[in-house]
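# Structural overview
For reference, the chains in residue letters:
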Amino acid sequence: MEAGTGISGLLRRRAGGLRARLRERRTQRRVFQLTTLLCSLALAPSAWLWFAAGDRVGTVESAPSAPVAVVFGAGLDQGKPSPYLEHRLVAALDLYREGKVKAVLVTGDNGRTEYDEPDAMYRYLTEHGVPGDRVVRDYAGFDTWNSCTRAHRIFGVDRAVLVSQDFHVRRALALCEAAGIRSYAVGVPEPHDTTWLYGGLREVAGAGKAAVNVLLRPDPEFLGPKEDGIPKALAAAAAR
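In this text the structure is predicted, and so the values were computed from the model without any measurement.

### Comments concerning the pairing of strand 8 (residues 182-188)
By the criterion of burial, strand 8 is predominantly enclosed, with six of the seven residues buried. In terms of strand pairing, strand 1 (residues 57-58) meets strand 8 through two bridges, oriented parallel. Residue Gly58 lies in a different strand from strand 8, and its bridge partner there is Val186. Pairing of strand 7 (residues 159-165) with strand 8, which is carried by seven bridges, proceeds in the parallel orientation. Bridge assignment links Ser164 to a residue of strand 8, and that residue is Gly187.

### Here's the deal with the packing of aromatic side chains
On inspection of all chains with the given rule, the structure shows two aromatic pairs. Judged by centre distance (6.1 Å) and plane angle (40 degrees), the ring pair of Tyr84 and Phe167 falls under tilted. On the criterion of sequence distance, the pair formed by Tyr84 in helix 2 (residues 83-97) and Phe167 in the loop between strand 7 and helix 5 (169-179) is long-range, its members being 83 residues apart. Each member of the pair, Tyr84 together with Phe167, is buried. The side chain of Arg137 reaches across the aromatic face of Tyr122, ending 3.8 Å from its centre.

### Some points on the pattern of salt bridges
On inspection of all chains with the given rule, the structure shows eight salt bridges. Close ionic contact of Glu177 with Arg56 constitutes a salt bridge, the shortest N to O distance being 2.7 Å. With Glu177 in helix 5 and Arg56 in the loop between helix 1 (2-53) and strand 1, the pair connects residues that are 121 residues apart, well separated along the chain.

### Thoughts on the packing of helix 2 against helix 3 (residues 117-127)
With their axes 10 Å apart at the nearest point, helix 2 and helix 3 run at an angle of 45 degrees to one another. It follows from the interaxial angle that helix 2 and helix 3 lie oblique. At the point where helix 2 passes helix 3, the crossing takes the right-handed sense. Contact with helix 2, carried on its side by Leu85, Glu86, Leu89, Val90 and Leu93, involves Met121, Tyr124 and Leu125 of helix 3 and no other residues of that element. Grouping the amino acids of the contact of helix 2 with helix 3 by side-chain chemistry returns seven nonpolar, no polar and one charged.

Rules and cut-offs
Residues numbered from 1 in each chain as written. Predicted model: local features only at pLDDT ≥ 70, side-chain atom pairs only at ≥ 80, totals over all residues. Heavy atoms only, no water. Buried < 20%, exposed > 50% of the residue type's maximum accessible area, 1.4 Å probe, protein only. Helix = DSSP H or I, 4+ residues; strand = E, 2+ residues; numbered from the N terminus. Pairing = 2+ DSSP bridges. Phe/Tyr/Trp six-rings, centres within 6.5 Å; stacked < 30°, edge-to-face > 60°. Lys NZ or Arg CZ within 6 Å of the ring centre and 35° of its normal. Salt bridge = Lys/Arg side-chain N within 4 Å of Asp/Glu carboxyl O. Axes fitted to C-alpha atoms, helices over the stretch in contact; angles between N-to-C directions. Parallel < 35°, antiparallel > 145°, perpendicular 65-115°, else oblique. Left-handed = near helix turned anticlockwise from the far one by under 90°. Contact = heavy atoms within 4.5 Å. Nonpolar A, V, L, I, M, F, W, Y, C, P; charged D, E, K, R; others polar.

See the structure below:
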């Protein structure tokens, strides 16, 4: 009797242990499946940006001619363009010097009196040989969507070459296309250092925001009246 009870108890304990292990494995499998699903959902917008860009991302040399280059702000260092922003401006200079664009729209943040990206970008380009009447400033380019939709709705840009770092330019391309601008993007390469990695990681969240902007197409933070800077710049180019 005691032996039977002992064997029965042992079998029951083993069966209970097996059920516990099975439950644990089911829980682990569900956690894994949920984690995989969440990661897939988080990365889906980034994958969309890469596939949507197609063959419209390249270099200064491969860029087609367009009326305007759009250069996005990328921070200042003591009032001057940060290294990343300077690299974007150098690419815009190359586009202008090679005759691929006739005017440059510099779009950035001037939300504070002491912080003025567009004027810093304007000074850099004019100091390096671009005539002042070919550089147009957008002071309300607070993010990529604001820059793209204002370029089209306020400045009348319909076709452009976009200039930004390679990790950001596909998002700019998708947003400008959604805003109504036929675009080609020049992706400025950078060393794959900590700054580049940080920028790339930010793009995961930025891609999700871009998908929302494309779906909802909200008004920019500041809309305002139409401006004639780009038509005047193109007229000045045609007159020379």
